[in-house]
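Below, each chain spelled out in residue letters.
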Amino acid sequence: MIQEVDAATLDVVTTALKMEGYRVCSLTDKNDNALDMIQRHHPNVILLDCWLGNSSAGQVSQWIKAHFPRLPVIAFSCDNQIKEKYRQFGFDDYIKKPFDLKMLYKVIKKHLPKRKKNRQVTEPA
C-alpha cells in the first residue's frame, strides 16, 4: 500500500512496482482512512509519505503499528535527516527522495516475507 500526496511520485512508484509484478493499493488523499484500507486489502508493506499535510506521518506510522505491529511501514521523505529520524517516528525503514528504482525495490524486498516470484504483495486498488 502506498500513501503519497504527490500524484507524480505516486504514479511513478505505482507503475514501477506493477512492472516488477507487485499489486499496489494507493491512497492519494491524505484524508483517506489508512486503517480501513489495511483491513480491506491486507498489504504486506506500506510506503508512507512523510509529508501528509495536517497529519504527522510519525503519528500515522505509530497508529498503524498499534493496530498492525508486524506490518512494515517505510517512510518516503525529502528530509535530509530522515536517516537519523525515521526510527523515532515508528518507521521500519526509509526511502529518501529523490530515489532510484533499485533502491525502492531493495528496501521493499528487505521487508517482505520470503515469497515466490509473482506472488501477490499488496491488493489492487
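The present account deals with the structure reproduced in this document. (Residues numbered from 1 in each chain as written. Predicted model: local features only at pLDDT ≥ 70, side-chain atom pairs only at ≥ 80, totals over all residues. Heavy atoms only, no water.)

## Some details on the sheet that holds strand E3 (residues 46-49)
Formally: At least two bridges found by DSSP between two strands are what make those strands a pair. Here a helix means four or more residues in a row that DSSP labels H or I, a strand means two or more in a row labelled E, and each is numbered from the N terminus. Only heavy atoms matter for contacts: two residues are in contact if any of them lie within 4.5 Å across the pair. Convention adopted: a line fitted to C-alpha atoms gives each axis, helices being fitted over their contacting stretch, and angles between N-to-C directions are expressed from 0 to 180 degrees.
Spatial strand order, E2-E1-E3-E6-E7: 5 strands in an open sheet with parallel pairing. Edge strands, defined here as strands with exactly one partner in the open sheet, are strand E2 (26-27) and strand E7 (93-96). Along the sheet face, helix H3 (residues 57-67) touches E3 and strand E6 (73-77) and points at about 155 degrees away from the line of E3.

## Some thoughts on the nonpolar core
Test applied: Only buried residues count toward a nonpolar core, which is a set of Ala, Val, Leu, Ile, Met, Phe, Trp, Tyr and Cys residues joined through side-chain atoms within 4.5 Å. For each residue, the accessible area found with a 1.4 Å probe, counting protein chains only, is set against the maximum for its type, and the residue is called buried under 20%, exposed over 50%, and partly exposed in between.
Membership of the largest hydrophobic core comes to 18 residues, with the highest contact counts inside it found for Met1, Ile38, Ile46, Leu48, Ile64, Val73 and Phe91. Within the residue set of this core, elements represented by two or more residues are helix H2 (34-41), E3, H3 and E6. Among residues more than four places away in sequence, those in contact with Val73 are Ile46, Leu48, Ser61, Ile64, Lys65, Phe91, Asp92 and Asp93. Core analysis: the second largest hydrophobic core is formed by 17 residues, Ile2, Phe76, Ile95 and Ile108 among them.

## Some details on the packing of aromatic side chains
Centre-to-centre distance and the angle between the planes together describe a pair of aromatic rings. Rules: For this analysis, a ring pair means two rings from Phe, Tyr or Trp (six-membered ring only for Trp) whose centres lie within 6.5 Å, classed as stacked if their planes differ by under 30 degrees, edge-to-face if by over 60, and tilted for the remaining angles.
This structure, assessed with the given rule, holds 2 aromatic pairs. The interplanar angle of 20 degrees and the centroid separation of 5.5 Å between the aromatic rings of Phe76 and Phe99 together place this pair among those described as stacked. Of this pair, Phe76 sits in strand E6 while Phe99 sits in the loop between E7 and helix H5 (101-111), placing them 23 residues apart in sequence. Both rings, one in Tyr86 and one in Tyr94, keep their centres 4.9 Å apart while their planes meet at 50 degrees; by these two values the pair is tilted.

## Section: H5
Note the following rule: An arc is given here, and it is the one of the directions from the helix axis to the C-beta atoms. Definition of a polar contact: a pair of N or O atoms within 3.5 Å, with one able to donate and the other able to accept a hydrogen when the atoms are protein atoms, and with sequence-neighbouring residues admitted only if both atoms are side-chain atoms.
Taken together, the buried positions of H5 are occupied by Leu104, Tyr105, Val107, Ile108 and His111. Down the axis of H5, the buried side of the element spans an arc of 165 degrees, and every buried residue falls inside it. Exposed residues lying more than 90 degrees from the buried face of H5 are Lys102, Lys106 and Lys110. Structurally, H5 contributes buried residues whose contacts are with helix H1 (7-19), E3, E6 and E7. Backbone nitrogen of Lys102 and a side-chain oxygen of the N-cap are separated by 3.1 Å at the start of H5; the cap is Asp100.

## With respect to the pattern of salt bridges
How we decide: Note on definitions: salt bridges are taken to be side-chain nitrogens of Lys or Arg within 4 Å of carboxyl oxygens of Asp or Glu.
Taken as a whole and assessed by the stated rule, the structure comprises 4 salt bridges. Note that Lys97 is salt-bridged to Glu4, the shortest N-O span being 3.0 Å. With Lys97 in the loop between E7 and H5 and Glu4 in the loop between strand E1 (2-3) and H1, the pair connects residues that are 93 residues apart, well separated along the chain. Grouping residues by exposure puts Lys97 and Glu4 together as buried. Residue Asp92 pairs with Lys65 through a salt bridge whose shortest N-O separation is 2.6 Å. With Asp92 in the loop between helix H4 (82-85) and E7 and Lys65 in helix H3, the pair connects residues that are 27 residues apart, well separated along the chain. Several salt bridges converge on common partners, so that one network encompasses Glu4, Asp49 and Lys97.

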